[in-house]
Amino acid sequence: MIRYSGRVTDVVEIQIRAERAPRYAHADDAGADLMAAEAVTLAPGERALVGTGVAIALPEGYAGFVVPRSGLAAKHGITVVNSPGTIDAGYRGEIKVTLLNTDREAEFVVEAGDRIAQLIIMPVSRAVFVPVAELPESVRGTGGFGSTGVRS
Ligand SMILES: O=c1ccn([C@H]2C[C@H](O)[C@@H](COP(=O)(O)OP(=O)(O)OP(=O)(O)O)O2)c(=O)[nH]1
Ligand SMILES: [Mg+2]
């Protein structure tokens, strides 16, 4: 924990190569906006792998997650196909965004420099998978996929 903008916050230093570095719109935002490095037009229902021109070296024990922007989703039906896209600590390539236009009628135009998605940096655990004959009991057990219903 270090002091940042007058508050005590987790801040992780990340080495980056980019023409347009991801930017936090507000100091306490979780997601830093990723900009398109290229222009692309998405027809209704079309997807495209859009470059951001950003390459990073995450410290060991961290991962990046590429997630949609809610404004683009609500106003234009733009989402990220594989959300959250996982950026591994060892990845040194360009971060790319799999944008999908879910709108049935309108095309969506992306210009270079547009903020198309956001990047969330998180500490992650790595597991050691230990085979066992029986898993410990729990209250939920094997219930899932709507087992608790919809209405309260
Ligand atoms: O939205 C994304 C998701 C992934 N990546 C990059 C970083 C990540 O570390 C790498 C591999 O991602 P993932 O493991 O999700 O893809 P894969 O299909 O399993 O490819 P691989 O076999 O290379 O792991 O691709 C992106 O640039 N954007
Ligand atoms: Mg993989």
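- The name given to the protein in an unreviewed UniProt entry is Deoxyuridine 5'-triphosphate nucleotidohydrolase, and the organism recorded there is Leucobacter luti.
- Under the UniProt heading Sequence similarities (unreviewed entry), the entry covering the protein gives this text: "Belongs to the dUTPase family."

Side note on the UniProt feature "binding site: substrate" (unreviewed entry) in the protein
Working step 1: Per the UniProt annotation, the sites labelled "binding site: substrate" (unreviewed entry) are R69, S70, G71, N82, T86, I87 and D88. For the annotated residues, spread through 20 residues, the largest C-alpha to C-alpha distance comes to 26.4 Å, inconsistent with a single compact locus. If you take the residues mentioned a moment ago, the ones lining the second largest pocket come down to T86, I87 and D88.
Working step 2: Looking at the element boundaries, R69 is found in the loop between strand 8 (62-67) and helix 1 (70-76).
Working step 3: The exposure class of R69 is partly exposed, given its relative accessible area of 21%.
Working step 4: When neighbours within four sequence positions are excluded, R69 is seen to be in contact with D33, R115, I116, A117 and Q118.

As for the pairing of strand 11 (residues 96-101)
Working step 1: Residues V97, L99 and N101 point to one face of strand 11 and are all buried, whereas K96, T98 and L100, pointing to the other face, are not buried.
Working step 2: The pairing of strand 6 (residues 47-51) with strand 11 spans 5 bridges and is classified as antiparallel. Residue pairing in the sheet places V50 in a bridge with V97 of strand 11.

A look at the environment of V97
Working step 1: Structurally, the position occupied by V97 is in strand 11.
Working step 2: A relative accessible area of 0% means that V97 is categorised as buried.
Working step 3: Between the C-alpha atom of V97 and that of V40, which follows or precedes it by 57 residues, the distance is 12 Å.
Working step 4: Discounting residues that sit within four places of it in the chain, V97 has contacts with L34, A48, L49, V50, T52, V66, V80, I116 and A117.

What counts, and where the lines are drawn
- Residues numbered from 1 in each chain as written.
- Chains lettered and ligands numbered in written order.
- Predicted model: local features only at pLDDT ≥ 70, side-chain atom pairs only at ≥ 80, totals over all residues.
- Heavy atoms only, no water.
- UniProt positions renumbered as here; feature names shortened; annotations may be inferred.
- 1 Å grid on protein atoms, 1.4 Å probe; cavity = no way out; pocket = protein on both sides within 12 Å on 5 of 7 lines; lining within 4 Å.
- Helix = DSSP H or I, 4+ residues; strand = E, 2+ residues; numbered from the N terminus.
- Buried < 20%, exposed > 50% of the residue type's maximum accessible area, 1.4 Å probe, protein only.
- Contact = heavy atoms within 4.5 Å.
- Pairing = 2+ DSSP bridges.

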